[in-house]
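# Structural characterization, general
These are the residues of each chain, in order.
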Amino acid sequence: MTDSTGPSDNGSEPRPFPMDRGTCPFSPPPEYAGMRAAGAPAKVRLRWSGKEVWAVSRHEDVRQVLSDSTMSSNWKLPAYPLQVPVPDEMLQQLELPLVAMDPPEHSARRRILIPELTARRAQALRPRIQEIVDEHIGAMLAQGGPVDLIQALAFPVPALIFCELLGVPAADSDFFRRVAETLVRSDVEQEEMISAQIEMEAYLDKLVAEKEGSPGDDVISRIIVKNRETPTIERRDILNLAKNLLFGGFDTTSNMIALGVLVLLEHPEQLAELRSDPGLAPGAVEELLRYLSIADSSPARAVLQDVEIGGTLIRAGEGVVALTSSANRDENVFPDPDRFDIHRDTFGHSAFGHGIHQCPGANIVRVELEVVFTTLFARIPELRLAVPREEVSFKSHTLVHGVNGELPVTW
């Protein structure tokens, strides 16, 4: 076992973090493979704050971090590796979202949310999801190519689904997209970050107030009614649950749709299999989730007690970032991990996280992706990029990876 004393894990200068993905937009940064091979956690330096924290890259170690009750998800702790430029004075006044809470506060709030997002509820939504997808693909066909797949399908479909699920007016989806993208960037100016946070808080406060006065048939309304009958959480907690669902619901799914289409287009033989046998869709979606791992470095923790990870002693008061995309490319768990294979056994992938903070909306996201990919390629089998792949721009230094700007397609 090695000790964590010193400026970096091996005496060298810590790497800037987040790291650049390199030449392949579907792969994690190339340094991750070397970090896994070294075995031990590595010190990195957060780009916006300059803070040194530990990066954990092996599948076994990532899952240890995400399931260790002695590590805190609380953003307000000095040791927490916050990766977006939120001023400390604003951070300390912020109402923590579900993802940043520890038990027992986290447990009570998640307990009231999970019944709304079960696999059964997700399957019950499938017909409506199919209607929304059919409508947007029909509009694409009516318009004719080329079209921007982001604006035509990848963004509006998950936005409408989650707006309906939460009882949010569909006309407000563009607002949520703009604010959500601002709040997950590590290169945004602090003034813009503060402005976006204030806008979001004001909107959600008004939305919840309307549903308190006149509950509808949506997740937020049902939580409000359930909490009136058996008081469990406070009003501000309902606001934060709504925020979590809106951010985690359509921004991440939108990025998965765009990147997933690109991956499938670049693997035409497997795409042909999927097109001829839609029953392969669940496995294909799980492999896309593993292969892309778009929320690579979102899971982070503040260490509350000395702990050994990968043979390295990490001290209380230090920060840890769990690299889920690296865990999902671990050679010891997924043979030939850089190969995309819709027939692969993906059991144990960490694309939705792990432990008590595993994504609560995972069931709905899976159904959405299955419907989108099977329907899109069934109705437009000749779909292809309308520009060379080299002209497609990708996001960098964000908590959620994806296409940056447009994704022109035609047929």
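Quick note: structure is the one above.
## Observations concerning the overall build of the protein chain
Across its full length, the protein chain carries 16 helices and twelve strands. Its C-alpha radius of gyration of 21 Å places the protein chain within 12% of the 22 Å reference for a compact globule of 411 residues. With respect to the principal axes defined by its C-alpha atoms, the protein chain has extents near 65 × 55 × 40 Å. A fraction of 74% describes how many contacts in the protein chain between residues 6 or more apart in sequence connect residues 24 or more apart. One finds the centroid of the 40 positive side-chain charges in the protein chain at a distance of 3 Å from the centroid of its 60 negative side-chain charges.

## What about the sheet that holds strand S6 (residues 147-148)?
The three strands lie next to each other as S6-S12-S11, forming an open sheet whose pairing is antiparallel. At either margin of the open sheet sits one strand with a lone partner, and together these are S6 and strand S11 (384-385). The pairing of S11 with strand S12 (residues 408-410) spans two bridges and is antiparallel. In the sheet register, leucine 385 faces S12, and the bridge partner there is valine 409.

## Examining the pairing of strand S4 (residues 52-56)
The two faces of a sheet get side chains in turn, since along a regular strand they alternate between them. Here S4 lies mainly inside the structure; four of its five residues are buried. Here strand S3 (residues 42-46) runs beside S4; their pairing, made up of four bridges, is antiparallel. Its bridge partner being in S4, alanine 42 is matched across the sheet by alanine 55. The loop that links S3 with its antiparallel partner S4 comprises five residues; one of these, glycine 50, has a positive phi angle of about 80°. Summarising the sheet, S4 and strand S10 (residues 319-322) pair through three bridges and their orientation is parallel.

About the thresholds
Residues numbered from 1 in each chain as written. Predicted model: local features only at pLDDT ≥ 70, side-chain atom pairs only at ≥ 80, totals over all residues. Heavy atoms only, no water. Helix = DSSP H or I, 4+ residues; strand = E, 2+ residues; numbered from the N terminus. Rg over C-alpha atoms; globule rule 2.2 N^0.38 Å. Contact = heavy atoms within 4.5 Å. Lys, Arg positive; Asp, Glu negative; His and termini not counted. Charge placed at Lys NZ, Arg CZ, Asp CG, Glu CD. Pairing = 2+ DSSP bridges. Buried < 20%, exposed > 50% of the residue type's maximum accessible area, 1.4 Å probe, protein only.

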